[in-house]
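# Summary of structural features
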Amino acid sequence: MTRRFVGLTALHWLPVGLSAPVTVLLATSRGLSPADIGVVFAVYSTVVLVLELPTGGLADALGTRPVLVASGLLSTAGLLAVTVADDVAAFALAEALRAVGRALSSGPLEAWYVDAVRAADPDADVAPGLSRAGAADGAGLCLGAVLGGLLPLLADGSGDAVLVLPILLAAALSVVSVVAVALLVVPLRSRQGSGTAALRDGLRTAPAVVRDTARLVTRDRLLRRLLAVSALVGTVLSTLELLGPLRAAELTGSLTEGSAVFGVVMAVSFAAAGVGALLAPAARRAARGSAAAGGAVLAVLGALAVAAVPLGGPLVLGCLFAVFYTANAASWPLWKAVLHGRVGAGQRATALSASSLALQVGALGGTLGLARLAEAAGTGAGFLAVAGALLLVAVVSLGLRAGDRSAAPADPAPGVVPAP
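Fair warning: this is a prediction, and the values are worked out from it, not measured in the lab.

Tallying secondary structure elements over the protein chain gives 16 helices and 0 strands in all. Each of the 420 residues in the protein chain was classed as buried or not, and the buried ones make up 56%. Relative to all contacts within the protein chain whose residues are 6 or more apart in sequence, the contacts with residues 24 or more apart total 87%. Of the roughly 15,900 Å² that the protein chain leaves accessible, carbon and sulfur atoms contribute 67%.

Another point: the pattern of salt bridges. Counted according to the given criterion, the structure contains 2 salt bridges. Measuring nitrogen to oxygen at the nearest pair gives 3.2 Å for the salt bridge that ties E95 to R98. Of this pair, E95 and R98 both sit in helix α5 (residues 88-105), 3 residues apart, which is roughly one turn of the helix. Of the two residues, E95 and R98, both sit in the buried class. Across the salt bridge formed by R247 and E250, the nearest N and O atoms sit 3.4 Å from each other. Note that R247 and E250 are positioned in helix α10 (residues 221-252) at a spacing of 3 residues, about one turn of the helix.

Another aspect to go through is the packing of aromatic side chains. One pass over the structure, following the stated rule, counts 5 aromatic pairs. Arranged with centres 6.4 Å apart and planes meeting at 80°, the rings of F321 and F383 form a pair that is edge-to-face. Of the two residues, F321 sits in helix α14 (residues 314-340) while F383 sits in helix α16 (residues 379-398), which places them 62 residues apart along the sequence. For the residue pair F321 and F383, the accessibility class agrees, reading buried in each case. An aromatic cluster is present here, built from F262, F321, F324, Y325 and F383 joined pairwise through their rings.

On to the nonpolar core. If you look at the biggest cluster of nonpolar residues, it comprises 56 residues, and the most contacted ones within it are V233, L240, F321, F324 and W335. For this core, the secondary-structure elements that each account for two or more residues are α7 (127-154), α10, α11 (255-278), α13 (291-307), α14, α15 (348-377) and α16. Setting aside anything within four residues of it in sequence, one finds L240 in contact with P245, V306, F321, F324, F383 and V386.

Their axes nearest at 7 Å, the elements α11 and α14 cross at an angle of 30°. Considered as vectors, α11 and α14 are oriented roughly parallel to each other. Every pair of crossing elements has a handedness; the one defined by α11 and α14 is right-handed. In this structure, α11 contributes V261, F262, V265, M266, V268, S269, F270, A272, A273, G276 and A277 to the contact, and α14 contributes P314, L317, G318, F321, A322, Y325, T326, A329, A330 and P333. Looking at the contact of α11 with α14, its residues break down into 17 nonpolar, 4 polar and no charged.

A few words on the environment of T28. Residue position: T28 is located in helix α2 (residues 23-29). The class for T28 is partly exposed, based on a relative accessible area of 27%. When the C-alpha positions of T28 and L246 are compared, they lie 9.2 Å apart, and in sequence the two are 218 residues distant. Beyond its immediate chain neighbours, meaning those up to four positions away, T28 contacts I37, L246 and L255.

Inspection of the secondary structure puts A124 in the loop between α6 (108-120) and α7. Those residues within four positions of A124 in sequence are excluded, and the remaining contacts are V117 and R118.

What follows covers a nonpolar patch on the surface. On the surface, a nonpolar cluster with roughly 500 Å² of combined accessible area is contributed by V146, L150, L153, L154, V264 and V268. Residue assignment for the nonpolar patch shows that the elements contributing at least two residues are α7 and α11. Broken down by element, the nonpolar patch gets its largest block of residues, 4 residues, from α7. Structurally, L150 can be placed in helix α7.

Okay, the side chain of T9 next. Looking at where T9 falls in the secondary structure, it is placed in helix α1 (residues 2-19). A polar atom in the side chain of T9 sits 2.7 Å from the backbone oxygen of F5. Residues contacting T9, with those up to four places away along its chain left out, are L109, A133 and D137.

The next subject is the confidence of the model for the protein chain. When pLDDT is averaged across the protein chain, the result is 79; 83% of the residues are at 70 or more. Ranking the helices and strands of the protein chain by mean pLDDT puts helix α4 (residues 64-84) first, with 92, and helix α9 (residues 195-219) last, with 63. In the predicted structure, residues 406-420 sits below a pLDDT of 50 and forms 64 contacts with residues beyond four places in sequence or in another chain.

Conventions and cut-offs
Residues numbered from 1 in each chain as written. Predicted model: local features only at pLDDT ≥ 70, side-chain atom pairs only at ≥ 80, totals over all residues. Heavy atoms only, no water. Helix = DSSP H or I, 4+ residues; strand = E, 2+ residues; numbered from the N terminus. Buried < 20%, exposed > 50% of the residue type's maximum accessible area, 1.4 Å probe, protein only. Contact = heavy atoms within 4.5 Å. Areas by Shrake-Rupley, 256 points an atom, 1.4 Å probe, with all protein chains shown as cover. Salt bridge = Lys/Arg side-chain N within 4 Å of Asp/Glu carboxyl O. Phe/Tyr/Trp six-rings, centres within 6.5 Å; stacked < 30°, edge-to-face > 60°. Core = buried A, V, L, I, M, F, W, Y, C linked by side-chain atoms within 4.5 Å. Axes fitted to C-alpha atoms, helices over the stretch in contact; angles between N-to-C directions. Parallel < 35°, antiparallel > 145°, perpendicular 65-115°, else oblique. Left-handed = near helix turned anticlockwise from the far one by under 90°. Nonpolar A, V, L, I, M, F, W, Y, C, P; charged D, E, K, R; others polar. Patch = residues over 30% accessible without salt bridge, like charges linked within 9 Å, V, L, I, M, F, W, Y side chains within 5 Å. Polar contact = N/O pair within 3.5 Å; in protein donor to acceptor, adjacent residues only side chain to side chain. pLDDT = per-residue confidence, 0-100.

So, in structure tokens, the structure goes:
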């Protein structure tokens with residue numbers, strides 16, 4: 001079961017890694033300003049924000065496999081739409097399609113894995129599996145970023161046509177991911193009746209699941225803090241995704257060379273994220289078993305790295321991004337172990353969607369607010385604002401101490417890999 005989860009996680013994130021180094025630069029080459037790109041990203045965040053809880057409830061009510069298949073198909077359509085977009089509205093439409101796919105995928109695969117493990121052993125510790133999936137996540141993103149950054153340099157041609165190639169490859173691999181999900185994600189609950197009847201039943205049941213989970217999240221102090229952490233990290237990640245390629249292009253003086261540099265930066269960063277996820281159990285042991293303290297220290301480390309980004313060239317950019325991604329990836333299994341200790345199987349995908357929703361709320365603020373700050377005051381000011389958000393993450397994480405009692409030990413099982 002863990003092998004399936006790890007493999008599907010890597011395959012899911014490989015297309016994301018492919019498109020990451022070139023999407024912002026492709027939009028820039030077609031005339032969009034940083035503020036325009038911020039608006040496009042805001043559309044993405046808003047769509048995910050609106051759909052997160054309903055799609056999580058749909059997965060809990062209908063089942064994970066059909067929701068994951070629909071997610072992959074919509075993500076593929078969004079990637080293909082990006083390749084032909086040539087203005088703000090077209091890019092916004094493409095990102096809206098990708099956002100629906102993201103909302104559908106934000107919780108079901110992890111919820112399926114946790115439920116499957118606990119169905120076999122109710123006392124099983126899921127943190128090692130989540131950590132390995134984090135490493136697989138990092139590996140998929142790393143490989144994708146290398147290919148996405150280097151393909152434009154290796155291809156014959158010039159202009160934005162070469163920037164489209166990684167996105168076309170990402171769309172093809174997204175289709176492969178859909179097929180893999182259909183074959184490998186085995187439903188845990190048998191469903192009566194036709195697919196249409198199951199869909200109708202799922203749509204009818206989803207609102208109640210969402211309502212009950214929302215009630216749980218809003219009444220539980222620790223879950224509220226976890227949502228605040230997710231929101232702040234969303235601000236950080238969305239802003240770095242926007243500022244990173246622009247900083248690389250500034251340093252190289254070329255969009256094509258900037259895509260290659262940022263592709264390498266992201267590849268190193270995603271590899272570092274895989275290592276960071278593996279380090280999560282060690283981080284909690286170093287914090288004497290406290291997910292709260294471990295997450296806080298790692299957030300401070302990430303803040304210091306991001307604050308120093310404007311001080312150096314491409315090598316410094318790569319090293320500091322790697323430090324941040326290592327710290328961030330090591331934090332997430334700790335926070336998620338607290339979350340899984342607070343919710344049951346029937347609400348797990350919806351609770352994960354609530355966390356992802358908070359992530360998108362923060363991302364919306366980052367793409368609208370910090371993108372405009374960077375356009376007005378420079379990318380350096382944007383990186384400093386991101387560092388400030390990470391310091392807030394540390395403060396909020398310290399309030400999760402009571403959750404340390406409900407989080408299972410995160411010692412990794414031997415011979416397996418991690419996840420972000």
